[in-house]
Amino acid sequence: MTKINISVADEIKKFKELLDDGIIIQDEFNNKKKELLGKQYMKFNNIFLHYNFIKNYYC
């Protein structure tokens, strides 16, 4: 099985196209966008916390 890495921006763009095509409604788009951006924030936050832990532990 091949894993494809799709960026958050690509995912949001995909859902925007669905919105523009009338497949989903504005609320669905807003909720998905919020969810995707939240996941991106959590991923960044975890990396930042890990970096600070290593920096404080080893320095």
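Here goes a summary of the coordinates provided. (Residues numbered from 1 in each chain as written. Predicted model: local features only at pLDDT ≥ 70, side-chain atom pairs only at ≥ 80, totals over all residues. Heavy atoms only, no water.)

On to the overall build of the chain. Along the chain, the regular secondary structure elements total two helices and zero strands. Residues classed as buried in the chain amount to 14% of the 59 residues present. When the accessible surface of the chain is totalled, it reaches about 5,500 Å², and 59% of it is carbon and sulfur. (Helix = DSSP H or I, 4+ residues; strand = E, 2+ residues; numbered from the N terminus. Buried < 20%, exposed > 50% of the residue type's maximum accessible area, 1.4 Å probe, protein only. Areas by Shrake-Rupley, 256 points an atom, 1.4 Å probe, with all protein chains shown as cover.)

Take the nonpolar core next. Within the largest apolar cluster, seven residues are counted, these being V8, I12, F15, L19, I24, F29 and L36. For this core, the secondary-structure elements that each account for two or more residues are α1 (8-20) and α2 (26-58). For this core, the element with the highest residue contribution is α1, accounting for four residues. With sequence-adjacent residues up to four places away left out, L36 is seen in contact with V8, E11, I12 and F15. (Core = buried A, V, L, I, M, F, W, Y, C linked by side-chain atoms within 4.5 Å. Contact = heavy atoms within 4.5 Å.)

All right, on to the pattern of salt bridges then. Oppositely charged side chains can form a pair if their charged atoms are brought close together. Applying the stated criterion across every chain yields a total of three salt bridges. Between K14 and E11 there is a salt bridge, with the nearest N and O atoms lying 3.5 Å from each other. Remark: E11 and K14 occur in helix α1; sequence separation between them is three residues, near one turn of the helix. Accessibility expressed as a relative area gives 40% for K14, which makes it partly exposed. In this structure E11 comes out as buried when scored by relative accessible area, which is 16%. Across the salt bridge formed by K32 and E35, the nearest N and O atoms sit 3.3 Å from each other. You can see K32 and its partner E35 sitting in helix α2, three residues apart, about one turn around the helix. Residue classification places E35 among the partly exposed positions, given a relative accessible area of 35%. (Salt bridge = Lys/Arg side-chain N within 4 Å of Asp/Glu carboxyl O.)

The analysis is restricted to geometry; functional conclusions fall outside its scope.
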